[in-house]
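# Chains, contacts and geometry: an overview
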Amino acid sequence: MSDRLVAALSAIVGPDAVVADRASLTTYESDAFGLVRGDARAVVLPRSTDEVSRVVALCHREHVPVVPRGAGTGLSGGAAPVDGGVIVETARMKRILSIDAAARLAVVQPGVANAVLSAAARPHGLVFGPDPSSGAVCTLGGNAAENAGGPHALKHGLTTQHVLGLEVVLANGEVVNLGGAVDGMPGYDLVGLFVGSEGLLGVTTALTVRLSPLAPETRTLLVAFPSLVAGCEAVGDLIEAGLEPSALEALDRGTIATIEASAEYAAGYPLDAELALLVDLDGTAVEVERAVAEASRICRARGATEIREGADESSRRKLWKGRKSAFGAMGRLRGDVYVLDGTVPRSALPRVLAFTVDVAARYGLTICNVFHAGDGNLHPNISFDGRDPDMTRRALAAGAEILRACVDAGGSITGEHGVGVEKLSFMHWMFGERELAEMEALKRLVDPSLSLNPGKLIPSTKGCAEAKGKHDLVGEPR
Ligand SMILES: Cc1cc2nc3c(=O)[nH]c(=O)nc-3n(C[C@H](O)[C@H](O)[C@H](O)COP(=O)(O)OP(=O)(O)OC[C@H]3O[C@@H](n4cnc5c(N)ncnc54)[C@H](O)[C@@H]3O)c2cc1C
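None of these values were measured; they are calculated from a predicted model.

## Description of the sheet that holds strand β13 (residues 217–225)
With respect to topology, seven strands assemble into an open sheet ordered β16-β13-β15-β14-β19-β21-β17, the strand pairing being antiparallel. Two strands close off the open sheet at either side, each with one partner strand: β16 (306–309) and β17 (336–339). Ignoring strand direction, the axes of neighbouring strands in this sheet form an average angle of 20 degrees. Strand direction decides the pairing type here: β17 and strand β21 (residues 380–384), joined by four bridges, are antiparallel. Each residue of the ladder has a partner; that of Val 339, found in β21, is Asn 381. Across the sheet, helix α9 (residues 253–260) is in contact with β14 (247–252), β15 (275–283) and β19 (366–371); its angle to β19 comes to roughly 90 degrees.

This is the structure we're talking about:
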């Protein structure tokens, strides 16, 4: 049956667009959340909506699960294979179909990388707002499925605010168009339903996205604080004062040390700071001048020990390169990094951040915090060695405690990385039985045979799939 399946897939997309040998499939056994792995039967790389439709219809007829995949940078196991399933990867669907500068819209295939779209929009004075730190490679299809954010989500919002229309292949291969090229479409907000649905409702084959005007001027401040509390309180003060930074990122001492230890990523961050803020202020030259003065005053009042400005575009880029490379730099600490993604109300930042320090000490682990402070979106990065089962167990348990603390503080188990497999067992912290049943009912309405990305996002569908943890993912914090 499997060889017959591979032959049938090859007949649709051509043999060069099917990966089915064991050695090559190991590349696909997980996404960037390496703790959940699976064995796909095949990976298919279609070039068009028609090919996606025929592949998905074939899998539907053969009762083979389908996992949509972009660049595989997801951090919650959403693109991890389901055993025996077919991965539909969008790597060959990376054409920007149109950019309409007057309407500030772009139509793209799902495999276009986030930063590629922004680079293409730039000559028109436009940018695609959401900018995940993985933007150089992660795809717009993946961004939509995860409702991705990024440093500039503070001003621009998450991906859902930027998607107007979707072309989607449903579980039976049928192609539907949701939304359109204008706001205010009548009927249910089906685009809103599909954005953030983590590949459970359909394979996106084209997106109509909103582009935003580039600010006339942007200035970047790097501010050093002597304590986590002082830095976090400055974050609240900046927002409370009515400033609207386009990005407001934070890096703790461990993160700074790790970045600065890397010849490739070192950005000249202050090694003696307990917390550093990276603040982007944009607008007209006059607006930015005023905002820089006000932000500096506020930070000094909270005890900032140093305020530095990226004086020109190249030093600004260097400051940002350090931040955007933080996850990569952390790979040097241990073999593996568990990147958490809990969100809390901004006012709870000092308390929850202090809790991560306590958790690190109790579990004997290194946890470095680098996060979207303006959004209250924490990214504690737990370094561990995946070859050491005890350390892995501790990393997972520590992560669960921290995410539980985020929920207890009125926040969420995820701000932008999605639930995937990683946070399945945490969903009941946030939703009651009835709400989870509604989610499953919606899934079954669109995909009655649960063939699209089963076992992700909705806990009750877990038994329908065999994506398995290399280590048991923990459920409850101790
Ligand atoms: C170093 C690093 C930094 C990161 N920084 C950020 C950040 O700042 N902000 C942020 O939000 N995320 C961040 N991420 C997480 C990740 O990059 C995002 O979730 C991104 O949106 C995933 O895109 P992808 O193309 O890699 O998708 P994948 O990982 O391939 O897939 C992610 C999910 O989307 C689904 N999917 C993919 N393509 C489609 C499609 N065409 N149709 C339907 N479903 C689809 C998959 O099934 C899966 O559930 C980071 C990751 C890394 C490794």
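## Observations regarding the environment of Leu 243
The residue Leu 243 is located in the loop between α8 (228–240) and β14 in this model. The class of Leu 243 is partly exposed, set by 17 C-beta atoms lying within 10 Å. In contact with Leu 243, other than residues within four places in its own chain, are Leu 238, Ala 291, Glu 294 and Ala 295.

## A closer look at the sheet that holds strand β6 (residues 96–100)
Across the sheet, which stays open at both edges, the five strands sit in the order β6-β7-β11-β9-β10 with antiparallel pairing between neighbours. Unpaired on one side and paired on the other, β6 and β10 (175–179) mark the two borders of the sheet. Averaged over all neighbouring strand pairs, the angle between strand axes comes to 10 degrees, with direction disregarded. In terms of strand pairing, strand β9 (residues 163–169) meets β10 through five bridges, oriented antiparallel. Within β10, the residue paired with Gly 165 across the bridge is Gly 179. Of the strands in this sheet, β6 and β7 (105–108) touch helix α4 (residues 114–121), which is tilted by about 40 degrees from β6.

## As for the domain arrangement of the chain
How big an interface is tends to be reported as the loss of accessible area on association of its parts. Looking at the assigned domains, one finds that the chain contains domain 1 (96–213), domain 2 (217–328) and domain 3 (333–408). Between the C-alpha centres of domain 1 and domain 2 there is a distance of 29 Å. Counting from both sides, the interface comprises five residues of domain 1 and, opposite them, eight residues of domain 2.

## Re the site of the ligand
Around the ligand, the surrounding shell holds 36 residues, and the nearest of these are Gly 70, Gly 78, Gly 141, Gly 142 and Gly 199. Among the elements of the structure, β4 (66–69), α5 (140–146) and β11 (203–210) are those that each provide at least two residues to the shell around the ligand. With five residues, the single largest contributor to the shell around the ligand is α5. A breakdown of the residues in the shell around the ligand according to their chemical character gives 13 nonpolar, 18 polar and five charged.

About the cut-offs
- Residues numbered from 1 in each chain as written.
- Predicted model: local features only at pLDDT ≥ 70, side-chain atom pairs only at ≥ 80, totals over all residues.
- Pairing = 2+ DSSP bridges.
- Helix = DSSP H or I, 4+ residues; strand = E, 2+ residues; numbered from the N terminus.
- Axes fitted to C-alpha atoms, helices over the stretch in contact; angles between N-to-C directions.
- Contact = placed C-beta atoms within 7 Å.
- Buried ≥ 20, exposed ≤ 12 C-beta atoms within 10 Å, placed from the backbone.
- Domains from an automatic or database assignment.
- Near = placed C-beta within 6 Å.
- Nonpolar A, V, L, I, M, F, W, Y, C, P; charged D, E, K, R; others polar.

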